[in-house]
Amino acid sequence: MKANWTTVSHFTILGFYELVNFKGILLPGLLLIYLWTVAGNLTIIMLVTFCQSLYSPMYFFLGHLSCCDLLLTTVIVPLMLDSIVREVTITFVGCLTQFYLFGSLAATECFILSVMSYDRYLAICQPLHYSSAMNLKRCFHLAFWCWVLAFMLMLLTAVQVGRLKFCGPNVIDHFFCDLAPLLQLSCSDTAFVEAENLIGGLPASILPLAFITATYIIILRAILRIPSSTGKQKAFYTCSSHLTVVCVYYGSLIVAYLFLSKGHSLSLNKVLSLLYTVLTPLLNPVIYSLRSKEIKRALCKLCKH
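Residues numbered from 1 in each chain as written. Predicted model: local features only at pLDDT ≥ 70, side-chain atom pairs only at ≥ 80, totals over all residues. Heavy atoms only, no water.

By the naming in an unreviewed UniProt entry, the protein chain is Olfactory receptor, taken from Xenopus tropicalis. The heading Sequence similarities (unreviewed entry) in the UniProt record of the protein chain holds the text "Belongs to the G-protein coupled receptor 1 family." Its UniProt record gives the protein chain the following Subcellular location (unreviewed entry) comment, quoted word for word: "Cell membrane". (UniProt positions renumbered as here; feature names shortened; annotations may be inferred.)

Take a look at the structure:
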């Protein structure tokens, strides 16, 4: 039966074919960004794992965020770099797998960011109950369900996309197997898949954003009630890194999909897609490294050894 689902067994990834004259700049530039992203996130994971000064819920979830960023960029960038050098062909199963992994990891990041906002809420608004409410067991459970729920939700969309028929053409004018170009190539009715993806996107992205927004409104009110200016600065500093990461991640998603939905050129769409597939995983470890004194101290100790 699987053979009847599609007459297309391979897809061609065009990548940035419009910028072929700039290949000498584009390839080393994106490769350098990818290497910095891998190095930065691996450093965060290593510090959080081995430095006792970072054994806290906030940095535990930061380690998961870095792991998610590392996997997400690795799912996308190597194929993208290959498409700059030559015409890339990917199997139908490989394309579907990349789409599923990318969507699952993007949803996982949304869930982890929302859990991190909950951690900051407990630390600032309920400091006396923080150690008991955010114990090691609770941290493991929250992190576990962030990953499991994301991959389960994305599986529904991936299965529906896998059931679509692709009769040709088989050329994806993008640098990875995203949902929109796949639906454009399908000769099946994609209305149900689009509706299911929209409904599935609510718990995966919109609800976490709403939760983060509500949480920070409560946190801001609590900070404003602190009598001393020093106390206010200290409280805000504890959540500034996370808030910056949230703004970068959701800001890039909103900007990208706001433009993507208005039918701009495919070249612009690809550039905007770079925001959340390449730029955000690079900036997250940089933001925490620059704004966290604990990360700086742990990094200095590591360098001395």
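There is more to say after this.
A. Expanded view of the overall build of the protein chain. Looking only at helices and strands, the protein chain has 11 helices and 3 strands in total. Starting at the N terminus, the α and β elements of the protein chain follow one another as α-β-α-α-β-α-α-α-β-α-α-α-α-α. Against the 2.2 N^0.38 benchmark of 19 Å for 305 residues, the protein chain shows a C-alpha radius of gyration of 21 Å, consistent with a compact globule. Once the C-alpha set of the protein chain is aligned to its principal axes, its extents read approximately 65 × 40 × 35 Å. Counting only residues that meet the buried cut, the protein chain has 46% of its 305 residues in that class. (Helix = DSSP H or I, 4+ residues; strand = E, 2+ residues; numbered from the N terminus. Rg over C-alpha atoms; globule rule 2.2 N^0.38 Å. Buried < 20%, exposed > 50% of the residue type's maximum accessible area, 1.4 Å probe, protein only.)

B. Spotlight on the nonpolar core. Core analysis: the largest hydrophobic core is formed by 68 residues, its most contacted members being Phe61, Leu62, Met80, Leu113, Met116 and Tyr250. Residues within four places of Tyr250 in sequence aside, it is in contact with Cys110, Leu113, Ser205, Pro208, Leu209 and Ile212. Counting residues in hydrophobic clusters, the runner-up holds 23 residues, among them Val88, Met154, Leu185 and Val193. (Core = buried A, V, L, I, M, F, W, Y, C linked by side-chain atoms within 4.5 Å. Contact = heavy atoms within 4.5 Å.)

C. Representation of the UniProt feature "transmembrane region" (unreviewed entry) in the protein chain within the structure. Mapped onto this structure's residue numbering, the UniProt feature "transmembrane region" (unreviewed entry) falls at residues 25-51, 58-79, 99-118, 139-159, 206-224, 236-259 and 271-290. Between the C-alpha atoms that bound residues 99-118 the distance is 29 Å, and the span itself is 100% helix and 0% strand. What you have in residues 139-159 is 100% helix and 0% strand, and the ends, taken at the C-alpha atoms, are 31 Å apart.

D. Spatial organisation of helix α4 (residues 92-125). The end-to-end C-alpha separation of α4 is 49 Å, in line with the 50 Å expected for 34 residues at 1.5 Å each. In terms of residue burial, α4 counts as a mostly covered element, since 27 of its 34 residues are buried. (Expected span 1.5 Å × (residues − 1).)

E. Spatial organisation of the packing of helix α6 (residues 136-162) against helix α8 (residues 191-224). In contact at an axis separation of 9 Å, α6 and α8 are set at 170° when each is read in the N-to-C sense. In terms of orientation, α6 lies roughly antiparallel with respect to α8. Here α6 contributes Leu153, Leu156, Thr157, Gln160 and Val161 to the contact with α8, which in turn contributes Phe192, Val193, Glu196, Asn197, Pro203 and Ala204. Taken together, the residues of the contact of α6 with α8 sort by class into 7 nonpolar, 3 polar and 1 charged. (Axes fitted to C-alpha atoms, helices over the stretch in contact; angles between N-to-C directions. Parallel < 35°, antiparallel > 145°, perpendicular 65-115°, else oblique. Nonpolar A, V, L, I, M, F, W, Y, C, P; charged D, E, K, R; others polar.)

F. Representation of the side chain of Ser104 within the structure. Along the chain, Ser104 falls in helix α4. The residues contacting Ser104, other than those within four sequence positions of it, are Ala150, Phe151 and Met154.

G. Spatial organisation of the state of the cysteines. As enumerated under the stated definition, the model contains 2 disulfides in all. One disulfide bridge connects Cys167 with Cys187, the sulfur atoms lying 2.0 Å from each other. On the S-S bond that ties Cys167 to Cys187, the torsion sits near 55°, and the link is right-handed. Of the two residues, Cys167 sits in the loop between α6 and β3 (171-172) while Cys187 sits in the loop between α7 (179-185) and α8, which places them 20 residues apart along the sequence. A relative accessible area of 49% means that Cys167 is categorised as partly exposed. With relative accessibility at 41%, the residue Cys187 sits in the partly exposed group. (Disulfide = S-S within 2.5 Å.)

H. Spatial organisation of the pattern of salt bridges. A full pass over the atoms with the stated rule returns 2 salt bridges. Ionic pairing is found between Arg120 and Asp119, a salt bridge with its closest N-O pair at 2.8 Å. Residues Arg120 and Asp119 agree in their burial class; the two are buried. (Salt bridge = Lys/Arg side-chain N within 4 Å of Asp/Glu carboxyl O.)

I. Quick look at the pairing of strand β1 (residues 10-13). Strand direction decides the pairing type here: β1 and strand β2 (residues 88-91), joined by 4 bridges, are antiparallel. Each residue of the ladder has a partner; that of Phe11, found in β2, is Ile90. Pairing of β1 with β3 involves 2 bridges; the strand directions are parallel. Note that in β3 the partner of Ile13 across the bridge is Ile172. (Pairing = 2+ DSSP bridges.)

J. Expanded view of the packing of aromatic side chains. Enumeration over the complete set of coordinates arrives at 14 aromatic pairs. Taking 5.4 Å as the distance between ring centres and 75° as the angle between the ring planes, the aromatic pair formed by Phe60 and Phe61 counts as edge-to-face. A relative accessible area of 18% places Phe60 in the buried class. Judged by its relative accessible area of 2%, Phe61 falls in the buried class. Between Tyr118 and Tyr121, the aromatic rings sit 6.4 Å apart at their centres with planes inclined by 25°, giving stacked as the arrangement. Within this pair, Tyr118 and its partner Tyr121 are both found in helix α4, separated by 3 residues, close to a single helical turn. Aromatic rings pair up to connect Phe16, Phe102, Phe175, Phe176 and Tyr276 into one cluster. (Phe/Tyr/Trp six-rings, centres within 6.5 Å; stacked < 30°, edge-to-face > 60°.)

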